[in-house]
Amino acid sequence: MFNYLFSFDTGIIGYLVFLITSVALYGLFSLGLNLQWGYTGLINFGHVAFMTVGAYSTTLLSLAGVPLLVAVPIGAMLAALLGLLMGFSTLRLREDYLAIVTIGVSELVRLIALNEGWLTKGAFGVQSFPLPLENFRPTVATRIGMVAVITAIFGLALWKLGRRFFHQIRGAKNWQKRIVAIGSGLLVLLGVRLWLVSAIALYNFRSSPAANGLLFVSLITVAIVFWALERLVKSPWGRVLKAIREDEEVAKALGKNVFAYKLQSLMLGGFIAGIAGAFFAWQLSTVYPTNFEPLVTFQAWIIMILGGAGNNAGTLLGAGIYWAYTALTRDLERLPIAADQVGALRIMVIGLILMVLMIWRPQGVLGNKDELTLGK
Amino acid sequence: MTDLSKSPMPVLSATGLMKSFGGVKAVNDASIEVAQGSITGLIGPNGAGKTTLFNLLSNFIEPDQGRVLFDGEPIERLRPYQIAQRGMTRTFQVARVLSRLSVMDNMLLAAQQQTGEKFWSTWFLPGRIAQEERDARDRALEILESVGLAAKANDYAGALSGGQRKLLEISRALMTRPKLILLDEPAAGVNPTLIKQICEYITYWNRQGLTFLVIEHNMDVIMSICDRVWVLAEGKNLAEGTPTEIQTNSQVLEAYLGK
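Predicted, not measured: the structure shown is a model, and the values here were computed from it. (Residues numbered from 1 in each chain as written. Chains lettered and ligands numbered in written order. Predicted model: local features only at pLDDT ≥ 70, side-chain atom pairs only at ≥ 80, totals over all residues. Heavy atoms only, no water.)

Peer 1: Can you tell me about the overall build of chain A, naming the residues and giving the values?
Peer 2: Counting its secondary structure elements, chain A contains 15 helices and two strands. Along the first, second and third principal axes, the C-alpha atoms of chain A reach 65 × 60 × 50 Å. Expressed as a percentage of the 376 residues in chain A, the buried residues total 51%. For chain A, the proportion of contacts with a sequence separation of at least 24, taken over those separated by at least 6, is 78%. Summed over all atoms, the accessible surface of chain A reaches about 16,900 Å², with 71% contributed by carbon and sulfur. In chain A, which carries 29 positive and 17 negative side-chain charges, the distance between the mean positions of the two groups comes to 11 Å. (Helix = DSSP H or I, 4+ residues; strand = E, 2+ residues; numbered from the N terminus. Buried < 20%, exposed > 50% of the residue type's maximum accessible area, 1.4 Å probe, protein only. Contact = heavy atoms within 4.5 Å. Areas by Shrake-Rupley, 256 points an atom, 1.4 Å probe, with all protein chains shown as cover. Lys, Arg positive; Asp, Glu negative; His and termini not counted. Charge placed at Lys NZ, Arg CZ, Asp CG, Glu CD.)

Peer 1: Tell me what's going on with the confidence of the model for chain B, and back it up with residues and numbers.
Peer 2: Residue and element names in this part refer to chain B. With 97% of its residues at a pLDDT of at least 70, chain B reaches an overall mean of 92. Within chain B, no element has a lower average pLDDT than helix α10 (residues 250-257), which sits at 84, and none a higher one than helix α3 (residues 103-110), at 97. Low confidence marks residues 1-6, where pLDDT is under 50. Its contacts with residues over four positions away, or in another chain, come to six contacts. (pLDDT = per-residue confidence, 0-100.)

Peer 1: Tell me about the sheet that holds strand β4 (residues 65-70) of chain B, and please be specific about residues and values.
Peer 2: The pairing of strands in a sheet happens through backbone hydrogen bonds and is either parallel or antiparallel. Residues and elements named next belong to chain B. Read from one edge to the other, the open sheet built from four strands follows the order β2-β1-β4-β5, with strand pairing classed as antiparallel. Lying at the two open borders of the sheet, with one neighbouring strand each, are β2 (24-35) and β5 (73-74). Each of β1 (10-21), β2 and β4 touches helix α1 (residues 50-57); the most contacted strand, β1, lies at about 115° to it. (Pairing = 2+ DSSP bridges. Axes fitted to C-alpha atoms, helices over the stretch in contact; angles between N-to-C directions.)

Peer 1: Account for the pairing of strand β8 (residues 211-215) of chain B, naming residues and giving values.
Peer 2: Every other side chain in a regular strand lies on the same face of the sheet, so the side chains alternate between the two faces. Residue and element names in this part refer to chain B. Here β8 lies mainly inside the structure; five of its five residues are buried. Side chains Thr211, Leu213 and Ile215 project from β8 onto one buried face, and the interleaved Phe212 and Val214 project onto a second face that is buried too. Bridge analysis of strand β7 (residues 180-184) against β8 gives five bridges, and the strand direction is parallel. Looking across to β8, one finds that Leu182 is bridged to Leu213. Chirality of the crossover, the property in question, places the unit of β7, helix α7 (residues 192-207) and β8 among those that are right-handed. (Right-handed = clockwise from strand over helix to strand, strands pointing away.)

Next comes the structure, spelled out in structure tokens:
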């Protein structure tokens, strides 16, 4: 465990690069869900469907010779199109029906991927597709430029996080203050560590171009999407989404076309998850239908609830916590129990963590407690 | 029925409205008319179908039959949000505020034709949006000040008391710059002092040119603010007239008190 924190061994750095990329891609994926559920109140239990469409479209298009910069937007748009279809058929239903239909759609999409072999290569999966920046051999100057970009992203993120915790400390009681202070201190240190690792990896870009390239692209993408979402949810457009989350009858009574906004939210969330799907495929470098089981959707739910639904920064932090947990419990595999039991144990413990969190901090790590004490 | 030749052009007129839920005829051939610039009351015993009638007028529930003319145009095929956009805003019997939004955001949401509510405008017209937000904010503060909620502007709406929620809901309706506001029991569950205040606000806004249709059980409120009153019983029109006429109408008394 201490290796993760202090070692600069190539293997450890490689693993941490994998983890950071995972945080970015799951963060991206969960940001889409957070827009739908956290801001609009849509119960989407089929989020992985968007990821599936994004992953398959991007990889298949790029195998057909379409450049990645074109393939990814097309994949994301197809995912958004799926959102449109899902929305038209379900958004007029009550929300519990929406939940059922979405989970059905995600399984449907996965089964299509499994059975329509002419298109998706079925159970054999899609392999050896182009990866971003895999043939990129940057000069020293370019690499320093990449490090600078990463530094800016990490710097901004840590500054925002620090400011946020500072606000929480001011409003907290004494013992809470200490916990928040220690927690945020550790988080900042961890952030610095991850920044160092990313910087080293990018500087030694050639050590593993595909992994390091993916790290760079995913961090930039998640930064851009985060910025765009923050801007959107703070705009009057986002205000309508929040109003729908609170009480859609009121939104209607005030002249808002609730259906259109729900559709936009579902589509934009799907678009973002579609991009995440491309990253998912690139990270795995193979795509099988079994990668897209409903479990993936629920990982996004866990991440969002951990960090705080209705909070974009919280969602990203949730992705960080989730992957930190996954990394730390990897050592459990040394225990004298069977591998599948270890897997089950890890999931059980995360369930336990969620339950404890729901009791102690039901709003999530970055959520706003005041909001929970309000009457309807 | 009314002598149409005498009343000014009605801003809202509905005829032959019908709605059944299963076998129950909640609204059975009811009509109503709201004169431009009036405060019109709608009363009736519990279960008379008043709130259902409101829902039919604003199309929150689609009528089985009937016509609704608002500003001279049929609106019974429009969706509720379209009706609101045309200038008819409703409130709810139990005040519905958007809890996890600030009082100010509740108000700002109600502003109509906001450029910033269009997805693409958020990216391409930031200057115009900022200007509209400033204007809306000024107007919202003005309204909130007039009802004594200005100090609460940055609080969560969910933290307001019951009476304050009623005020916020009416203020929010006002923020849409409507031609007609449908108020569903504005005085229900509100203390007597606040009831008085609400009545004053309604008459004040009415003098500013706003038309109201008010459901209310509190007869003092109806008698003190309304120009005309419509009485509904068992989903049908029972009577219509000035408050004094209604007070002495034997059929109305019967419906309320029994034979």
